[in-house]
Structure formats: structure tokens, C-alpha cells
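Here's the letter readout for the chains.
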Amino acid sequence: MENVVFALLLLMNNEIKEARIQDSLSICLKHKREAERQQSNTVAYKCIKSQAEIEINKDGSKTIKKLILQ
């Protein structure tokens with residue numbers, strides 16, 4: 001199932017290591033600031049709005065299966 005989502009990306013060496021769905025851009029930016037305060041300079045965080053393949057877990061939560069970057 002494809003949807004447009006706000007995603008918080010964890011980048012290491014300019015490579016996406018993790019992508020998490022966020023409810024809105026403001027929440028994404030809030031989580032980005034919190035993560036940047038706790039991490040070293042070896043990782044970077046970025047908020048994006050993108051098309052993504054979504055997977056619904058057994059507990060009803062959603063995860064990003066694949067980002068469709070354009």
C-alpha cells in the first residue's frame with residue numbers, strides 16, 4: 001500500500017539506515033531535534049515528505065517498507 005508520509009530519516013555516511021513514520025512535519029522536526037541532542041556527529045537526521053510503501057503490523061502500527069524518492 002502506497003501513501004504520502006512524513007518520515008524521520010537516520011543517515012550514516014549519506015546512506016539511509018532507518019526511516020520512521022511521523023504524524024506531521026512539526027512532530028518530525030521535534031523528534032529530529034531531540035535525537036540530535038542525544039547523538040554524536042557521526043549520524044544525521046532529516047525530515048522528508050515522500051511517497052512510501054507502508055506495511056501494517058499485527059498490532060496495527062505502520063512501518064515504512066520502502067521509500068519512493070523522486
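The structure under discussion appears in the preceding block.
On a predicted model such as this, the values are computed, not experimentally measured, just so you know. (Residues numbered from 1 in each chain as written. Predicted model: local features only at pLDDT ≥ 70, side-chain atom pairs only at ≥ 80, totals over all residues. Heavy atoms only, no water.)

Side note on the state of the cysteines
Our working rule: Pairs of cysteine sulfur atoms within 2.5 Å are identified as disulfides in what follows. The numbering of helices and of strands both runs from the N terminus, where a helix is a DSSP run of H or I of at least 4 residues and a strand a run of E of at least 2. Buried, partly exposed and exposed residues are distinguished by accessible area as a fraction of the type maximum, computed with a 1.4 Å probe on protein chains only: under 20%, between the cut-offs, and over 50%, respectively.
Tallied over the entire structure, the rule returns one disulfide. Disulfide pairing places Cys-28 opposite Cys-47 at an S-S distance of 2.2 Å. Torsion about the S-S bond of the Cys-28 and Cys-47 cystine: about -105°, corresponding to left-handed handedness. Of this pair, Cys-28 sits in helix α1 (residues 25-38) while Cys-47 is found in strand β3 (residues 44-56), placing the two residues 19 residues apart along the sequence. The same class applies to Cys-28 and to Cys-47, which are both buried.

A closer look at the environment of Asn-57
How we decide: Should any heavy atoms of two residues lie within 4.5 Å, those residues are considered in contact.
Looking at where Asn-57 falls in the secondary structure, it is placed in the loop between β3 and β4 (62-68). For Asn-57, a relative accessible area of 26% corresponds to the partly exposed category. With sequence-adjacent residues up to four places away left out, Asn-57 is seen in contact with Lys-62 and Thr-63.

Quick look at the environment of Arg-33
The residue Arg-33 is located in helix α1 in this model. By relative accessible area, Arg-33 is classed as partly exposed at 44%. Along the sequence, Arg-33 and Lys-46 sit 13 residues apart, while their C-alpha atoms lie 9.9 Å from each other.

Considering the pattern of salt bridges
Rules: Think of a salt bridge as a Lys or Arg side-chain nitrogen and an Asp or Glu carboxyl oxygen that are within 4 Å of each other.
Inspection of the entire model under this criterion finds three salt bridges. A salt bridge links Arg-20 to Glu-18; the shortest N-O distance between them is 2.6 Å. A salt bridge links Lys-32 to Glu-36, with the nearest nitrogen and oxygen atoms 3.4 Å apart. Separated by four residues within a single helix, Lys-32 and Glu-36 lie in helix α1, roughly one turn from each other. According to the relative accessible area criterion, Glu-36 is partly exposed, its value standing at 38%.

Shape is all these values report; function is a separate question.
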